[in-house]
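# Structural description and commentary
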Amino acid sequence: MKIVRLEDAHALPLWRRPTSLLFVMSMAMPIAFATWSALLNNFVIEVADFDGSDIGWLHTVREIPGFFAIGVIALIMFIREQILGLVALIMLGAATAVTAQFPQMGGILVVTMLSSIGFHYYETVNQSLQLQWIDKKKAPQTLGWILSAGSAATLVVYLLIVASWDRFNLTFSIVYWLSGGFTAVVAAICLFVYPQFETPHPQIKKMILRKRYWLYYALQFMSGARRQIFVVFAGFMMVELFGFDVDDITKLFMITLLINMFAAPLLGGLVQFFGERKALIFEYVGLCLVFLAYGGIYYFGWGVVLATALYVVNHLFFSLALAIKTYFQKIADPQDIAPTAAVAFTINHIAAVFLPALLGYVWLQSPGLVFLMAAAMAIVSLLLSLLIPRHPAPGHETVFQRRLLAAAE
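Residues numbered from 1 in each chain as written. Predicted model: local features only at pLDDT ≥ 70, side-chain atom pairs only at ≥ 80, totals over all residues. Heavy atoms only, no water.

## Details of the environment of Pro-356
To keep things clear, this is the line we draw: Secondary structure counts use DSSP, requiring at least four H or I residues in a row for a helix and at least two E residues in a row for a strand, with both numbered from the N terminus. Three exposure classes are used, based on accessible area relative to the maximum for each residue type with a 1.4 Å probe and protein chains only: buried under 20%, partly exposed in between, and exposed over 50%. Whether two residues are in contact is decided by their heavy atoms: any pair within 4.5 Å suffices.
If you trace the backbone, Pro-356 turns up in helix H14 (residues 350-365). Residue Pro-356 is classed as buried on the basis of its relative accessible area of 2%. For the pair Pro-356 and Leu-58, spaced 298 residues apart in sequence, the C-alpha to C-alpha distance is 8.2 Å. Apart from the residues lying within four places of it in its own chain, the contact partners of Pro-356 are Gly-56, His-59, Thr-60, Gln-228, Val-232, Phe-233 and Ala-351.

## Re a nonpolar patch on the surface
Put simply, the rule reads: Residues enter patches when they are more than 30% accessible in relative terms and free of salt bridges; like-charged ones are connected within 9 Å and nonpolar ones (Val, Leu, Ile, Met, Phe, Trp, Tyr) within 5 Å. Values of accessible area rely on a 1.4 Å probe in the Shrake-Rupley scheme; residue burial ignores everything except the protein chains shown. Salt bridge, as used here, is a side-chain nitrogen of Lys or Arg placed within 4 Å of a carboxyl oxygen of Asp or Glu.
On the surface, Val-285, Leu-289, Leu-292, Tyr-299, Phe-300, Trp-302, Leu-306, Leu-369 and Leu-372 cluster together into a nonpolar patch covering about 820 Å² of accessible area. When contributions to the nonpolar patch are tallied by element, the ones reaching two or more residues are helix H10 (276-299) and helix H15 (367-385). The biggest single contributor to the nonpolar patch is H10, with 4 residues. Take Leu-306: it is sitting in helix H11 (residues 304-319).

## Quick word on the confidence of the model for the protein
So the rule is basically this: What pLDDT conveys is the predictor's confidence in a given residue, as a value from 0 to 100.
Scored by pLDDT, the protein comes out at a mean of 87, with 97% of its residues at no less than 70. Mean pLDDT in the protein bottoms out at helix H16 (residues 399-408), which sits at 59, and peaks at helix H4 (residues 81-97), which reaches 96. pLDDT under 50 marks residues 405-409. Its contacts with residues more than four places away, or in other chains, come to 0 contacts.

## Focus on unusual backbone geometry
Residue Asn-169 is not a glycine yet carries a positive backbone phi of 50°. In this fold, Asn-169 is placed in the loop between helix H6 (139-164) and helix H7 (172-193). The class for Asn-169 is exposed, based on a relative accessible area of 63%.

Laid out in structure tokens, this is it:
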């Protein structure tokens, strides 16, 4: 397979360049993952008779491969990151395709584990390649466009589900087969039509933990813990509390994606203009208010309109999480990106391994309390974001370095 140096990739046709591959992968992955997510709550409730505890355990199992994303470091000793990412994407598609063939708890957990290995290893490699292949000056804006492309692909999935689910009397099996198969085929084609891109900075192929990256690690940990509550329980609430069916939940996802398609590039531009510090402060203040309002839905009986609006707003705030990536890109040594991406992905999933199952039991007693805990996590993230300097760089990773330099002078 042809190897092309990254600095020479501009001579290739536009569609065969590294950034183009990132866009293709970003659109292929959601075809499978978004379908799995859109149908999941209805599938497990209608077919497998899940309750809040069951869905918590399902998501705990789903997050275990994320905790072991550090295994990517061992794999890239023998396989190029680009190939590993595409193989993982094929695995995600194939596992998604057979999801409905296992309608019992045990089978669902096994297939979820396999698809999760594909998803998390793909995401680990994808984040690493993004930071290696995209110029620092253009990273926030480009990442925003990549998010928008993924949103557009997801929107197509939702439109097809809404337009055809009832009209053609589709089944979970048919939709999972089509979406998962499409993702696997696209990833397989990419393996052969794109050259292997050689970066100018060979990546360290061993686990590294650097003290100066501690704030990045902390932000990743809190991001993973907080996001789990939304991913696991926000959609589940819409089905359990408000009786959303497949059409309803898919329309909600579709509205969210429509807004994200246009907002993500704008948000990327705002991060580029205002900087990571201000962007993350804004995100975490907003998320705290959103989760408090979620709690109010249970404690004060606020209705479905507010719950729907909160779901959309929550997704918009999560788009600003790209600022964590670009913050790390600015402070990192170039050769640290791949191993640190794997370590950070594992850190991001530490809480994810136990939190869904634990909060599943809390949910059975008090659903509102689950969202209040998420608000508390957002406050912790806000405090951490205040430690990001206005102009992060190697040797200036936190505001503490600036104070130490001032004291030394």
